[in-house]
Amino acid sequence: MGIIAIIIGGLIGYLLSRTVIAENWWYKLCYALFTPLLFTILVVLLVMIELCDAYQTGIYCAPFIFGCIAYSIMIFIKMKIEKSGED
């Protein structure tokens, strides 16, 4: 299941990086790190509330975390930074 999550995360990161262009490094960092981190924390907390067991939460959330890592790597590699005309 982890391999499938890595492929899906990389595919989503690739498709997003082709369509979205960041204005500067700060926006690229937000797309690459803060968004998956926010979703990972949200998913882990929701699964923890549902199961009330840290070990099972880790088992169920590990593929999602692997997918978020693949997403972040793909965004860092592929996303372009384009300066706006205003300096």
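Scroll up a little and you will see the structure.
I will try to describe carefully the structure that is included in this document. Please read all numbers here as calculations on a predicted model, not as lab measurements.

What counts, and where the lines are drawn
Residues numbered from 1 in each chain as written. Predicted model: local features only at pLDDT ≥ 70, side-chain atom pairs only at ≥ 80, totals over all residues. Heavy atoms only, no water. Helix = DSSP H or I, 4+ residues; strand = E, 2+ residues; numbered from the N terminus. Expected span 1.5 Å × (residues − 1). Contact = heavy atoms within 4.5 Å. Axes fitted to C-alpha atoms, helices over the stretch in contact; angles between N-to-C directions. Parallel < 35°, antiparallel > 145°, perpendicular 65-115°, else oblique. Left-handed = near helix turned anticlockwise from the far one by under 90°. Nonpolar A, V, L, I, M, F, W, Y, C, P; charged D, E, K, R; others polar.

### What about helix H1 (residues 2–19)?
Phase 1 of the analysis: The terminal C-alpha atoms of H1, which comprises 18 residues, lie 26 Å apart, in line with the 26 Å expected from a rise of 1.5 Å per residue.
Phase 2 of the analysis: Next to the buried residues of H1 lie helix H3 (54–78).

### Considering the packing of H1 against H3
Phase 1 of the analysis: Running from N to C, H1 and H3 cross one another at 30 degrees; their axes reach a closest spacing of 7 Å. Regarding the angle of H1 to H3, the classification is roughly parallel. Read as a crossing pair, H1 and H3 show a hand that is right-handed. Residues Gly 2, Ala 5, Ile 6, Gly 9, Gly 10, Ile 12, Gly 13, Tyr 14, Leu 16 and Ser 17 of H1 touch H3, and the partners they reach there are Pro 63, Phe 66, Gly 67, Ala 70, Tyr 71, Met 74, Ile 75 and Lys 78.
Phase 2 of the analysis: Residues that form the contact of H1 with H3 fall into these classes: 11 nonpolar, 6 polar and 1 charged.

### Points about the packing of helix H2 (residues 25–51) against H3
Phase 1 of the analysis: Taken N-terminus to C-terminus, the directions of H2 and H3 make an angle of 170 degrees; their axes are 9 Å apart at the nearest point. Accordingly, the angle class assigned to the pair H2 and H3 is roughly antiparallel.

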